[in-house]
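# What the coordinates show
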Amino acid sequence: MGVVFGLLWLFTGFLQGVHGQGVYAPPTVRIVHSGQACNVEEERYSERVYTIKEGETLELQCLVTGHPRPQIRWTKTAGGASDRESSLHNETLRIQNINRHQGGRYYCKAENGLGSPAIRSIRVDVYYLDDPVITIHQSVGEAKEQFYFERTVFLRCVANSNPPVHYTWRRGREVLSQGSDSGVEIYEPFFTQGETKILKLKNLRPQDYADYTCFSSVRNVCGIEDKSAHFTLSNRTAPPSVKLLLDDPLVVNAGETITLVCVASGGDPHPSLKWMRPDGQQLPRRSVVKGGTLTVPAVAIDDGGVYSCVGSNNVGNPAKKTTTILVRGLRKGRFWITPDPYHNDDNIQIGREVKISCQVEATPPEELQFSWLKNGRPLRSSERMVITHTDTDVSPGTTNLDIIDLKFTDFGTYTCVASLRNGGTPEISIDVNISSTTVPPELTVPRGRSHLIAQEGDTVDLQCLVSGKPKPIILWSRVEESGVAAATATALMPDGSVQTESYDGILRISNVTREMSGTYRCQTSQYNGFNVKPREALIQLVVQFPPAVEPEHTEIRQALGRAFSLTCRLLRAHPARLLRYEWKLGTRLLTVGQFSDQRDDTNYHVRALNREGYGEYTCDITNEAGAGRCTFLVTGKANPPEFYYDTYSALWQSRPRVYGFKLQWTQMEPNAVDRILAYRLGIRQMGQSRWWEQEIPMEGTIQKGELLTYNLTELIKPESYLVRLTPITRYGEGDSTERIITYSGFYMYIETSRPRLEDDTARLLSPTFNSKSSSVSNNPTYCFAFYYHMYGKHIGALNVFLRQKGQAVTDTLVWSLTGNQGDRWRQAKVKIHPTTAFQMVIEGVRGSGIEGDIAIDDVAIEEGECKDPPPNNLRSLAPPSSPHIWQHCITLILALIGQQR
């Protein structure tokens, strides 16, 4: 039998190589999972499927390689649709209490500016099972009010689930299956794709009156337990019926409390009742529902409308009764004056006809009534004063007063009074004055105000003067950029509306922006004035704004003595003429000039940078509205270091409570500034405030992509540390970079508990490597290194074999150790000389008892001689000079080998 390995760490080896751009490399990515998965299917149809139970915690981790450190972004595409959910910039995607709608395909995207972004995906399948629901129906052709005697009945069981649900029916304690009872048929309709299970009771028999149970099951996947629903079928079973105990429609006054009562008039089981409004409208916020009674205190006009009471008991179709609530009230009173239509002149003149119209919205419309007054006295319809009303079915209601052959004695104030027949709401009165001064409106723009120029951010008033009596409401709108009077108003007003009303003819725009430039139309309203062709005028608004430039702010890193140029580009400006530019270094003026019509940028050249040339350069491009500024910060600060996160075997253990860490980094654009003389290294234990600092001197010039190494020692297990690295040039300190070092990792071990027996063997096999040997006399040397832990009185043996694949496969023992080695990790290094393609095999052999677990960690294979462990704070530069160094990543194949006793 084989000794079982606990797979706790990915066994990797590393052979380091640098070419061209050094260790810079495009990103790679893979997705690993943790948390509470039910199942993970690898590479099914080129994708991974991660199954999880609804309510559990989803945790996916995106593991990346590449240098500089790639930026990670999680996104989700639901189903096959293109709807993108909010992104997560983090290595770990964690969703607690996941629900079914959060299933779908999740993508991890990594990019670092090199090559194409690396993208991997995993499909998350959320499993769930809702409580089943049993509904009862009868054959449509036999539908009658009493339909459960000698009728065909259908019991339908439905449960939402993923994966598809499996149903089982019981009648009492008897399991019903197809063919077990000639009076029962069980089938799944094709159109529901197995999501429902229908029990058909043909020509209902006395034994069919019983308790029925539907069990729904997803076969315990993800530990989801079966669920059930019950229904008792009897000769009393009937679909619901409801009735309303109220008038329809129900007419009430605003402010009253209304109570809508709905009762179940039939149905077994007893129906449940629910009040609702059409189209998903919510019930009034103040309403109280208790059973079938809906109470709305202090009803408002907006609470009026259709209300429905729905009764359901899962038998037949739900029953529904509807009523309409009419909240009595009057709204939106308007008037207009219509001159004699048989004359082209819009003025009111003696001897002509004039009509006064009054309009009001009323609820209920049939209660609306109008009356007219002249100078406060009741006015009745006559041959010369004709009063008419629109039909009560038409809303809003309108009344007209036609004055035939206007006389001087007809001048006065006419009042239209609107009221509801049964009272309960205030009247609306509208006064209209008819006199020799009643004239149609005229609309003009004040002199010099038809073309306005404003600065961005100002408050501007657009004004139209309206004359006439009565003065109508002014409607403001924007017209298309064509600017002609007949243009259609399609652009929105500054407040986002299509049209804005003004009673004084002024449109005030605060904090005006360049987008508000354009043509504005003022127009007389037809309401509360003359019913004539609208008068209108146009006003052109021009919003000036300072030049928009780029770059607004940028940083330029330069070494002393070098030449460089700064460019400030003009994007847009209004006005775009007479543009000037001005270059400064700090407060010192460098140069000034004016833009030509052919240029949209300005340059400043520095021939040889000196120390006084460092600082902030500004370029101001100005017009009448102000200035736009480009800012360039020229500095000799070095760019930040780029920590290297793909170091193999970065952690090592020198003593039981102490560990070391191989810190590696590259320097971002090292040739952009002066040579880096040293790095300032700072280290702080997490949870503490004290920093330890030291300087790491640098010899020679650092190349782009060159991997720098510094070994940190004497780190205390299991503490984490914050490391800060700052480059130093003759200019001074550059930008710092920080990272956290954590003592973490996993190992692999053999489990020696029962049923394992003495001399049971387990082996770990590496992938096959191709040896670089070109002849028998030129065999390359490799160093195979690993840590081991062999502690316990029953320790067996740990063996390492070199497996070579020539004409025959041969296993050569290259290292072996037996017995208790103490409670500590030790390192072993083995020099090997393969002549053909080879594998490394690690073998664990169980000892005589259960106290004999053997563990391994940090396994690596490297070309060249085995070297001593790194000394404290040893600085080394990589890449090495050897051209034969290459990198390899090993994924172990776990082989369990049983040995018979």
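Summary of the structure given here. Quick caveat: nothing in here was measured; it's all calculated off a predicted structure. (Residues numbered from 1 in each chain as written. Predicted model: local features only at pLDDT ≥ 70, side-chain atom pairs only at ≥ 80, totals over all residues. Heavy atoms only, no water.)

Across five bridges, strand β19 (residues 238–244) lies against strand β21 (residues 258–268) in antiparallel orientation. Bridge pairing in β21 places Ser-241 opposite Gly-266. Where β21 and strand β24 (residues 293–296) come together, four bridges link them in antiparallel fashion. Bridging from a neighbouring strand, Ile-258 pairs with Val-296 of β24. (Pairing = 2+ DSSP bridges. Helix = DSSP H or I, 4+ residues; strand = E, 2+ residues; numbered from the N terminus.)

What follows deals with unusual backbone geometry. Residue Asp-248 is joined to Pro-249 through a cis peptide bond whose omega torsion reads 0°. On the secondary structure map, Pro-249 appears in the loop between β19 and β20 (250–253). Backbone torsion omega between Lys-717 and Pro-718 reads -5°, so that peptide bond is classified as cis. Looking at the secondary structure, you find Pro-718 in the loop between β56 (707–716) and β57 (721–729). A positive phi is found at Asn-97, a non-glycine position, where the angle reads about 50°. Among the residues examined, Asn-97 registers a relative accessible area of 54% and is labelled exposed. The phi dihedral of Lys-332 falls on the positive side, at around 55°, and the residue is not glycine. Counting through the fold element by element, Lys-332 comes out in strand β26 (residues 319–339). (Buried < 20%, exposed > 50% of the residue type's maximum accessible area, 1.4 Å probe, protein only.)

A separate point is the nonpolar core. Leu-330, Ile-337, Trp-372, Leu-401, Tyr-414 and Ile-434 are the most contacted members of the largest nonpolar core, which has 29 residues in total. When contributions to this core are tallied by element, the ones reaching two or more residues are β26, β27 (354–363), β28 (368–374), β30 (385–389), β31 (397–403), β32 (412–420) and β33 (428–434). Looking at which element gives the most residues to this core, the answer is β27, with five residues. Grouped together as the second largest cluster of nonpolar side chains are 27 residues, Leu-155, Ala-159, Ile-224 and Ala-229 included. (Core = buried A, V, L, I, M, F, W, Y, C linked by side-chain atoms within 4.5 Å.)

Turning our attention to the sheet that holds strand β63 (residues 797–805). Note: strands within a sheet are paired through backbone hydrogen bonds, in either parallel or antiparallel orientation. Judged by pairing direction, the sheet is antiparallel, and its three strands sit side by side in the order β64-β63-β66 without closing on themselves. Lying at the two open borders of the sheet, with one neighbouring strand each, are β64 (809–818) and β66 (838–845). Averaged over all pairs of adjacent strands, the angle between their axes in this sheet comes to 20°, without regard to strand direction. Here β63 pairs with β64 via nine bridges, running antiparallel. When the sheet's bridge partners are listed, Leu-802 is paired in β64 with Thr-812. (Axes fitted to C-alpha atoms, helices over the stretch in contact; angles between N-to-C directions.)

This brings us to the side chain of Thr-737. By the element assignment, Thr-737 lies in strand β59 (residues 737–741). At 2.7 Å, the side chain of Thr-737 forms a polar contact with the backbone oxygen of Pro-641. What Thr-737 contacts, discounting residues up to four positions off in sequence, is Pro-640, Pro-641, Phe-643, Val-723, Arg-724 and Leu-725. (Polar contact = N/O pair within 3.5 Å; in protein donor to acceptor, adjacent residues only side chain to side chain. Contact = heavy atoms within 4.5 Å.)

A separate point is the packing of aromatic side chains. Two measures describe an aromatic ring pair: the distance that separates the ring centres and the angle between the ring planes. One pass over the structure, following the stated rule, counts 15 aromatic pairs. Where Phe-784 meets Phe-786, the ring centres are 5.7 Å apart and the plane angle is 50°; that geometry is what we call tilted. The buried category is assigned to Phe-784, whose relative accessible area is 2%. Look at Phe-786 and you get buried, because its relative accessible area is 0%. (Phe/Tyr/Trp six-rings, centres within 6.5 Å; stacked < 30°, edge-to-face > 60°.)

Turning to its location among the elements, Tyr-614 is positioned in the loop between β48 (601–606) and β49 (615–623). Judged by its relative accessible area of 12%, Tyr-614 falls in the buried class. Spatially, the C-alpha atoms of Tyr-614 and Gly-636 are 7.3 Å apart, while their sequence positions differ by 22 residues. Residues within four places of Tyr-614 in sequence aside, it is in contact with Gln-558, Ala-559, Leu-560, Leu-585, Leu-609, Val-634, Thr-635, Gly-636, Asp-674 and Tyr-731. A distance of 2.9 Å separates a polar side-chain atom of Tyr-614 from the backbone oxygen of Gln-558.

The strand order across the open sheet formed by four strands is β10-β11-β16-β15, and the pairing between neighbours is antiparallel. Edge positions in the open sheet fall to β10 (133–138) and β15 (184–187), since each of these has one partner strand only. Within this sheet the neighbouring strands show an average axis-to-axis angle of 20°, counted without direction. Summarising the sheet, strand β11 (residues 153–158) and strand β16 (residues 196–201) pair through six bridges and their orientation is antiparallel. Looking across to β16, one finds that Arg-156 is bridged to Ile-198.

Attention now goes to the state of the cysteines. In total, this model carries seven disulfides according to the counting rule given. Linked covalently through their sulfurs, Cys-62 and Cys-108 form a disulfide whose S-S length is 1.6 Å. A torsion of -90° about the S-S bond marks the disulfide between Cys-62 and Cys-108 as left-handed. Here the residue Cys-62 occupies a position in strand β5 (residues 58–67), and Cys-108 occupies one in strand β8 (residues 104–111), the gap between them amounting to 46 residues. Summarising the burial analysis for this pair, Cys-62 and Cys-108 share the class buried. (Disulfide = S-S within 2.5 Å.)

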